[in-house]
Amino acid sequence: MAAVCGAGHELGGAGRRRPCPDCRRTQVAAQVAAAEGSLPVTVVAAAMDAVITSPQALRDVSAALASDSRALAHGAPPAVGRLVTELIARGSVTLAEPSCGRCGRGGWPLTATAGGGMRARCRHRELAAECAGCGKVRPVAWHDEAGRALCETCRRHARGWRRCGICGKTASIALRARGGQPDVCVNCYQLPRAVCSGCGRERPCNFAAAGRPVCAACSPRATARCARCGHHRPPTARWPEGPVCDPCYNAALRSRGRCARCGEVRRLVAPPGTAADTCAICAGVPVTHSCSDCGTQDKLYEKGRCSRCSLRRRARELLSAGTSHIPPEMAEAFEAITAARQPRSALNWLRNGAGASLLADVAAGRLAATHEALDAHPHRRAADYLRHILTAAGTLPPRDEELARTEQWLAGLLARAGDPASRRLVQSFATWQVMRRLRRSTAASTRPRSPTAHARNQIKAAAGFLAWLASRGQSLASCRHADLDDWLATGPGAWQVRGFLTWAARRGHCRPFTIPGPGRAHGAATSPDQRWALAARLLHDSSLDPTDRVAGCLLLLYGQQLSRIAALTTGQGTRRDDAVFVRPGQHDVPVPGPPGAALHELIRNGRAYTGVGSPARTRWLFPGGMPGKPITASQLGERLRALGIYAMPGRRAALTGLAAKMPAAVLADLLHLSPGTAVRWVHQAGGNWSRYAAELARERVHQT
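Here the structure is a predicted model, which is why all the values come from computation and not from measurement. Sequence order sets the numbering: in each chain, residues are counted from 1 along the sequence as written. Owing to the predicted nature of the model, reporting of local features is limited to residues with pLDDT of at least 70; listing and counting of side-chain atom pairs is limited to 80 or more, with chain, interface and lining totals taken over all residues. Side-chain metrics rest on all non-hydrogen atoms present in the structure, leaving aside hydrogens and water.

Draft legend 1. Main features of the overall build of the protein chain. When you go through the protein chain residue by residue, the secondary structure sums to 29 helices and 25 strands. Taken against the 2.2 N^0.38 rule, which gives 27 Å for 704 residues, the C-alpha radius of gyration of the protein chain at 40 Å runs more than 25% over that of a compact globule. Viewed in the frame of its principal axes, the protein chain has a C-alpha envelope of about 140 × 85 × 55 Å. Burial classification: accessible surface area is computed with a 1.4 Å probe over protein chains only, and a residue below 20% of its type maximum counts as buried, one above 50% as exposed, and the rest as partly exposed. Expressed as a percentage of its 704 residues, the buried residues of the protein chain come to 38%. Counting contacts in the protein chain only where the partners sit at least 6 residues apart, residues at least 24 apart contribute 41% of the total. For the protein chain, the accessible surface area stands at approximately 39100 Å², while carbon and sulfur atoms represent 52% of it. Think of it this way: any DSSP run of H or I at least four residues long counts as a helix, any run of E at least two long counts as a strand, and we number them from the N terminus. Taken over C-alpha atoms, the radius of gyration is set against a globule rule of 2.2 Å times the number of residues to the power 0.38. Contacts were defined at the residue level, with two residues in contact if any of their heavy atoms lie within 4.5 Å. Areas reported as accessible are Shrake-Rupley estimates using a 1.4 Å probe. Residue values count occlusion only from the protein chains shown.

Given below as structure tokens:
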């Protein structure tokens, strides 16, 4: 007699009275409908027919409901997760899309755990144990013969080690020997080069043998919703609050705050998320990302050290030549390099900068620490940068670099001169007229850079004029006014030969000539409305860099030249009685409001960026990229042009507005202008003394 189920359905073979598959499916559908609570049994049965297609899947769903009443909410095992997704699609309002209980990611098969459904990777992390090889708590990848747990790194060290056919070392093998090719270890293995199917460039690619090569940059990466910023990006870490993208990860590791319990300024980790107000020590959680040298909680750079300590270690190795003892003459350079505001920039310079290798040669004695040795070095730019570092540190005596470069340029110019007579004339003119005057003005000047462009142009004009005469078969003594008129027609800079001809005529080398000077350029000025609109932005936009705000205000409101602004020192800015003053000449000029606050911030904290090797304390208000030097006028002009401020039109507008309100004597005294320049600006603006006196009498309050 054939066996029948409890409902009287005939079973396929002899056996006990048990439900048939149809009755079993009906029972499970009733259990699911009771647990779900918002859909009728018929809809649940239809959903099960769509996704539960095997007896094993039906048994998994039944076992999950029997062992955990919240199996539908957890979405585990995978058969339950597929059923939950189908029920949601059919109108369930009590269920949510299954997601991992550890990382929060959805769309993955989940495993039932005590903490809910979890992805396989999160489950491995939850079951992490202490590795018998390295002693760290990591996901278990393998068990050795003794049953001890090993992490993936130690597993690779324990298995698959053979002698590499490339380097000869015993290491983990990445590519096994086949077809006459040797074993290749993980250190020697390189991806095959192919044309990437994504970017179309020839690069090392994966899947090159499969016909669909993909380089590392084009390889797809899984994304998740960042728990901090909400953007869908590849997660860098998975913290208790959820996945965290790389920008939020770095910002969180470098963020500091005052702990609500101990009051110390530390990295805050509890409660998880951006509302954390408790440090790890007070929260009772392990302290991670702590520097092994200084103990600072920060993003670590290498070997458990923060970037600052890594910089000190590498700089010490470089300057001590491996002896851990830094020569006394290099101590200041060591402190300047390690005091960089951006340690990672300094680390990149130590690793890739050409000047760093020269610094190592100087510290080891392979290169003399002299100006002459650096002048003779073939890598001129690297040698010049190192010269500034050593000069700022006191290792090298200071010298006028512009003057020295002009002397070297003059030597090269004279060496290229063909005619001996012309060479003697140019050398005499350059030595006793141009360079002598340049050295005298340099010795009396307080500017950080010597203006040598005019001197070079005069010497080049003299050499070019003599070469031009020689090409016409003439000498300087036989030159006439007609010849000079032809020369002046050769280009706009031909008039600069005037100084040479005046010097030559006084010494009897030629007859006297009269050469007109260049015409004075009168360019356009910024309109008053545009000038005040730019000034208003500098005054009120606190997001601008203090360097740009201060420099722009000095240009638009005080009419200062960029070369003079760039050369300002911290001593020229003072604060008295809650007021900030700047001294462009002999008198202090008040800088009220936001520009004064930005100026005071620059004096107190300095610029945010300075070159590697710059001293920690500098006298320049705007230190530049070269150690010990201020920013150049051209760099300052580029920064202002990015804000729509142009130096020449802006300065003309400022001086025109000021000259219309005050007499020439006051204008020259306050803004450090020459009397002739001040008179010319007042004349162009139509100002006079009587108007200035009348405005003073009208604006001031006179008490009787």
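Draft legend 2. Local environment of the packing of helix α1 (residues 21-36) against helix α2 (residues 41-51). Simply put, an axis is a line fit to the C-alpha atoms, just over the touching stretch for a helix, and the angle between two N-to-C directions goes from 0 to 180 degrees. Direction vectors running N to C along α1 and α2 enclose 120 degrees, while the axes themselves pass 9 Å from each other. Handedness of the crossing formed by α1 with α2: right-handed. Seen from α1, the contacting residues are Arg 25, Val 28, Ala 29, Val 32 and Ala 33; seen from α2, they are Val 41, Val 44, Ala 45, Met 48 and Asp 49. Grouping the constituent residues of the contact of α1 with α2 by class yields eight nonpolar, no polar and two charged. Take the far helix as your reference; a near helix turned counterclockwise from it by less than a right angle gives a left-handed crossing, and one turned clockwise gives a right-handed crossing. Under the scheme applied, nonpolar residues are Ala, Val, Leu, Ile, Met, Phe, Trp, Tyr, Cys and Pro; charged residues are Asp, Glu, Lys and Arg; polar residues are all the others, including Gly.

Draft legend 3. Representation of helix α5 (residues 78-89) in the model. Helix span, expected: 1.5 Å multiplied by one less than the number of residues in the helix. With twelve residues, α5 extends 17 Å between its outermost C-alpha atoms, agreeing within 8% with the 16 Å of an ideal straight helix rising 1.5 Å per residue. Every buried residue belonging to α5 is among Ala 79, Val 80, Gly 81, Leu 83, Val 84, Glu 86 and Leu 87, and all of these are buried. Tucked inside the fold, the buried residues of α5 contact α1, α2, α3 (55-67) and α4 (71-74). Within two residues after α5, Gly 91 carries a phi angle of roughly 110 degrees, on the positive side.

Draft legend 4. Looking closely at the confidence of the model for the protein chain. Averaged over all residues, the pLDDT of the protein chain equals 84, while 93% of them reach at least 70. Confidence scores per residue from the predictor, reported as pLDDT, run from 0 to 100. Note that residues 12-16 has pLDDT below 50 and, in this model, four contacts with residues that lie over four places away or in other chains.

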